[in-house]
Amino acid sequence: MTGMDSLFLIFAVITLISAFLVVTTKNLFHAALWLIMTLFGVAAIYVLLNAFYLAVIQVIVYIGAIAILMIFAIMLTQRVMNPSGRIFNKNWIIAALLGAFMFIGLVIISMQTGASKTTLPQISGQLDTVSELGQALVSPNAYVIPFEVASVLLLAALIGAIFVSRKR
Amino acid sequence: MIPTTYYIVLSALLFTIGALGVLIRRNAIIIFMAIELMLNAANLAFVAFTRMYGIIDGQVFVFFVMTVAAAEVAVGLALIVAIFRTKHNIDIDQLNNLKG
Amino acid sequence: MFGSINTSMILAILPEIMLFILAGFVFVFDLVWDDSQRRNLGWISAGGFSLIIMISLMLGTPGSDSGLVWGGMLRHDWLGFAFKMLFLFGATITALFAMDVEDLGKKGEFYLLLIFSTLGMTLMASSSNLIMLYLSIEATSLPLYILAGFFKDDDKSTEAGFKYFLFGAMASAIMLYGFSLLYGFSGTTDLDAIAGVIKAGGMNPVLLVGTLLMILVGFGFKISAVPFHFWAPDVYEGAPTVVAGFLSTASKAAGFTVLIRVLLTSYAPASDTWMMVLAIISTLTMTLGNTLALAQKNIKRLLAYSSIAHAGYILIGVVAISELGITGSIFYIIVYLITNLAAFGIVSVVGRITGSDEISAYDGLSRRSPWLGLAMLVVFLSLAGMPPFGGFIVKVLVLASAVKAKLFWLAFVGILNSIIGLYYYLIVLKHVYLYRSENEQVEIPVTRPYAIGLIVLTIGIILLGVVISPWFNVSTIAAKVLF
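Residues numbered from 1 in each chain as written. Chains lettered and ligands numbered in written order. Predicted model: local features only at pLDDT ≥ 70, side-chain atom pairs only at ≥ 80, totals over all residues.

Structural notes on the overall build of chain B
Inference 1: Helix and strand counts for chain B stand at three helices and zero strands.
Inference 2: For chain B, the sequential pattern of α-helices and β-strands runs α-α-α.
Inference 3: In terms of overall dimensions, chain B is more spread out than a globule: its C-alpha atoms have a radius of gyration of 17 Å, far above the 13 Å expected for 100 residues.
Inference 4: Considering only C-alpha atoms, chain B reaches an extent of 50 × 25 × 20 Å along its principal axes.
Inference 5: A burial count over chain B gives 76% of its 100 residues as buried. (Helix = DSSP H or I, 4+ residues; strand = E, 2+ residues; numbered from the N terminus. Rg over C-alpha atoms; globule rule 2.2 N^0.38 Å. Buried ≥ 20, exposed ≤ 12 C-beta atoms within 10 Å, placed from the backbone.)

Here it is as structure tokens:
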């Protein structure tokens, strides 16, 4: 197995184990930390996939902003670090069955990837992704409208979030 | 070279773990974290497919999904804080003022 | 590499640009005015929306040069344009109705979020690319989550907002994963190109059905079809009534727009595959909506289940996959929007005065306020599908398209459900007209913006049922785009 392959294996395992722990830990704060670990794992996999810019953005936005915001929310909404017994909600058996079904379905679907186009172009790292991404985002022939809509969306979220969480 | 299928299976596993988290846990913030896992799984699939095809569209999509995820987190956590203020509890089994 | 921006591209997004400018105006005036004048923001919003409708109709209608603009992101055609005007109309009426609701009408944030959500909807109507689709769906939904939870001190409202957010975020995450697989297996994010790939057999059936089901989770959530309907009764009950009206009409119509577009553009070559799935969803939706509405004592929940049932009727038209079917569905959406907005509007004012949303609060409404009682009569009879109101002709159209497509069983289920529906609508009218209550002499004051809104809607319901051809023609032109 080449170096890249073993790297992939390591990071995949880290990501999956951390994700599993996020969903099963009792302590909220620990769950947040495992989430950060999962997000790091995903960022590492982005690097393996030659998406360097996205890996950096993943760390800055997801970990640096979103996960931190979650930690804030945990701090704001926990009165006492209460191990209040059950962590699974009342429908957990049905939910687990549903999850199992979903997983089987998804694996079947994913297996189809191999069928059609496995000719992976040998990306030698000469692809200047950031520049291409930048041009795509502001070119009227490409993604400028979604770009502007994203700005409006952020403004709306900002106004809404401040309004709802402000003290009278 | 790792075939794309492995990445997709990884993303499927991540997605399922996230979905399980949403369906099984009681605390609203954990449910929200699980939703973030699902979004990350979709992002992973996008990036893997982008490398497969060599066109930039998938990465642009991921860029926008991250933006939306950030906005969603802001709104979601604001709503969670608002609920906590009125009920002092964010356990979803206890959210039953609206019957059903 | 960089294209240039020409006039036709600007005209294609004229409504969106104007909405943004309107948001700017509302922003500035909200900062400058003080509390007593803030109510006028409602006039500005409603007036702004109407102005946008008029200017768009004059300058921005899709002509023979319609097609993909902005690099394939948007499609400027009559389907999108007709729905855009519909959403703007819905927003106008909502702004008018909300003006005198306390804690709602004086808040600039309400109008701003309304404008932003409408902006998202107009973009949803003309999206022609997966990225644009996802972004516009989120841009519509995020303000709506906040709007549902707008009464931050009210238990029910915050819970409604939170539940809406949770279910919505999950549905949209599943939909996004479906988008990612769709992109992955077709190599493109453009809706038409995906259709090309499917037609050429580039996608095997497992993938097709799998991605379609995941995408339907997201769309089904927005139109509250079974089994993604369970958020609707709780959210409509808890949210401010005016917001519930907007949610149940404009947001649902936006969901239908994208559903119709994606199913009949991208998945069109595979229509045999999804027709049965959608027919089953339609049947379940109609039946569940109608049967559960029978047992409701709270009028908002009753209207919620009623709107779930109506989503099922609209789906019949989509299942027929014919020009008549889509025409019927589009016409139905137009009538449904006007009727349901009026229904929630009446509930809003009666609920505010009597303080209760139970059906028993409507006893003797016809004596307290004859005009409101009359409006309620028109609205509920139209919802039930009685002539000469709009609700009748669209039900006929939709059922006719099912018959024409040889789906006799579906038409039969539709008729059966309409009969069940008739029952609970008539029960409410019985309360309004036949029962008496002690507060009969207490008047229900109705303010000017509210009256304007309700009168426009009621006349609209009658007009749509009687003067059919202009609306029918618009729906036909819109539907022709897809075939």
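Digging into the overall build of chain A
Inference 1: Within chain A, the secondary structure is distributed over seven helices and zero strands.
Inference 2: Counting every position in chain A, which comprises 168 residues, the buried fraction comes to 35%.
Inference 3: Taking as baseline every contact in chain A between residues at least 6 positions apart, the subset at least 24 positions apart corresponds to 49%. (Contact = placed C-beta atoms within 7 Å.)

Quick notes on the nonpolar core
Generally speaking, a soluble globular protein has its nonpolar side chains buried in company with each other.
Inference 1: One finds L153(A), I29(B), M38(B), V75(B), I80(B) and Y177(C) to be the most contacted residues of the largest nonpolar core, which totals 296 residues.
Inference 2: By residue number, the principal contributor to this core is helix α3 (residues 57-87) of chain B, which donates 21 residues.
Inference 3: Composition of this core by domain shows at least three residues from each of domain 1 (1-80) and domain 2 (130-168) of chain A.
Inference 4: Apart from residues lying up to four places away in sequence, M38(B) is in contact with F15(B), G18(B), A19(B), A173(C) and Y177(C). (Core = buried A, V, L, I, M, F, W, Y, C linked by C-beta atoms within 7 Å. Domains from an automatic or database assignment.)

Topic: the interface of chain B and chain A
How big an interface is tends to be reported as the loss of accessible area on association of its parts.
Inference 1: Opposite the 60 residues of chain B that make contact, chain A presents 72 residues.
Inference 2: Listing elements by their share of the side of chain B that touches chain A, those giving two or more residues are α1 (4-24), α2 (28-53) and α3 of chain B.
Inference 3: Looking at the side of chain B that touches chain A, the element that brings in the most residues is α3(B), giving 21 residues.
Inference 4: Of the residues belonging to the side of chain B that touches chain A, the class tally is 46 nonpolar, nine polar and five charged. (Nonpolar A, V, L, I, M, F, W, Y, C, P; charged D, E, K, R; others polar.)

Section: the interface of chain C and chain A
Inference 1: Between chain C and chain A, the residue contacts involve 34 residues of the former and 24 residues of the latter.
Inference 2: Sorting the residues of the side of chain C that touches chain A by element identifies α5 (108-126), α6 (130-148), α7 (155-186) and α9 (205-223) of chain C as the ones contributing at least two each.
Inference 3: Looking at which element gives the most residues to the side of chain C that touches chain A, the answer is α6(C), with nine residues.
Inference 4: Split into classes, the residues belonging to the side of chain C that touches chain A amount to 23 nonpolar, eight polar and three charged.

As for helix α12 (residues 271-294) of chain C
Structurally, the α-helix is built with 3.6 residues per turn, so residues lying three or four positions apart point the same way.
All names here are of chain C.
Inference 1: The end-to-end C-alpha separation of α12 is 34 Å, in line with the 34 Å expected for 24 residues at 1.5 Å each.
Inference 2: Listing the buried residues of α12 in full gives W274, L278, A279, I281, S282, T283, T285, M286, G289, N290, L292 and A293.
Inference 3: Looking at the buried positions of α12, the neighbouring elements they touch are α9, α11 (241-266), α13 (299-319) and α18 (408-433). (Expected span 1.5 Å × (residues − 1).)

Details of the environment of S356(C)
Residue and element names in this part refer to chain C.
Inference 1: Positionally, S356 belongs in the loop between α14 (323-354) and α15 (365-368).
Inference 2: Its 13 C-beta neighbours within 10 Å are what place S356 among the partly exposed residues.
Inference 3: Separated by 49 residues in the primary sequence, S356 and S307 place their C-alpha atoms 21 Å from one another.
Inference 4: Residues within four places of S356 in sequence aside, it is in contact with G351 and A361.

Brief notes about the packing of α13(C) against α14(C)
Residues and elements named next belong to chain C.
Inference 1: Their axes nearest at 9 Å, the elements α13 and α14 cross at an angle of 170°. With respect to α14, the axis of α13 lies roughly antiparallel. Across the interface between the two elements, I299, K300, L303, S307, H310, Y313, I314, G317 and V318 from α13 touch G325, I326, G328, S329, Y332, I333, Y336, N340, A343, F344 and V347 from α14.
Inference 2: Of the residues belonging to the contact of α13 with α14, the class tally is twelve nonpolar, seven polar and one charged. (Axes fitted to C-alpha atoms, helices over the stretch in contact; angles between N-to-C directions. Parallel < 35°, antiparallel > 145°, perpendicular 65-115°, else oblique.)

Section: the packing of helix α1 (residues 3-24) of chain A against helix α2 (residues 28-48) of chain A
Between two packed helices, what matters for the description is the angle formed by their axes and the separation of those axes.
Residues and elements named next belong to chain A.
Inference 1: Interhelical geometry of α1 versus α2 gives an angle of 155° and a closest axis separation of 8 Å. Taken together, the axis directions place α1 and α2 in an arrangement best described as roughly antiparallel. Note that α1 runs across α2; the crossing there is left-handed. Side by side, α1 and α2 meet where M4, L7, F8, F11, I14, T15, S18, A19, L21 and V22 of the first sit next to A31, W34, L35, M37, T38, G41, V42, A44, I45 and L48 of the second.
Inference 2: Residue classes in the contact of α1 with α2 are distributed as 16 nonpolar, four polar and no charged. (Left-handed = near helix turned anticlockwise from the far one by under 90°.)

Considerations on the environment of L57(C)
All names here are of chain C.
Inference 1: Its place among the elements puts L57 in helix α3 (residues 40-59).
Inference 2: Judged by the 11 C-beta atoms lying within 10 Å of it, L57 is exposed.
Inference 3: Separated by 24 residues in the primary sequence, L57 and F81 place their C-alpha atoms 9.1 Å from one another.

What to know about the environment of V242(C)
Residues and elements named next belong to chain C.
Inference 1: As for its placement among the helices and strands, V242 is situated in helix α11.
Inference 2: Sequence-wise, V242 and I215 are 27 residues apart; in three dimensions their C-alpha atoms are separated by 29 Å.
Inference 3: Filtering out sequence-adjacent residues up to four positions away, V242 remains in contact with T94, F97, A98, V101, L104, F344 and S348.

Digging into the confidence of the model for chain B
Fine structural detail should not be taken from predicted coordinates in areas where pLDDT scores are low.
All names here are of chain B.
Inference 1: Averaged over all residues, the pLDDT of chain B is 85; the fraction at 70 or higher stands at 90%.
Inference 2: Mean pLDDT values for the elements of chain B range from 88 in α1 up to 90 in α2.
Inference 3: Here the complex is predicted with pTM 0.92, and the ipTM for its interfaces comes to 0.94. (pLDDT = per-residue confidence, 0-100.)

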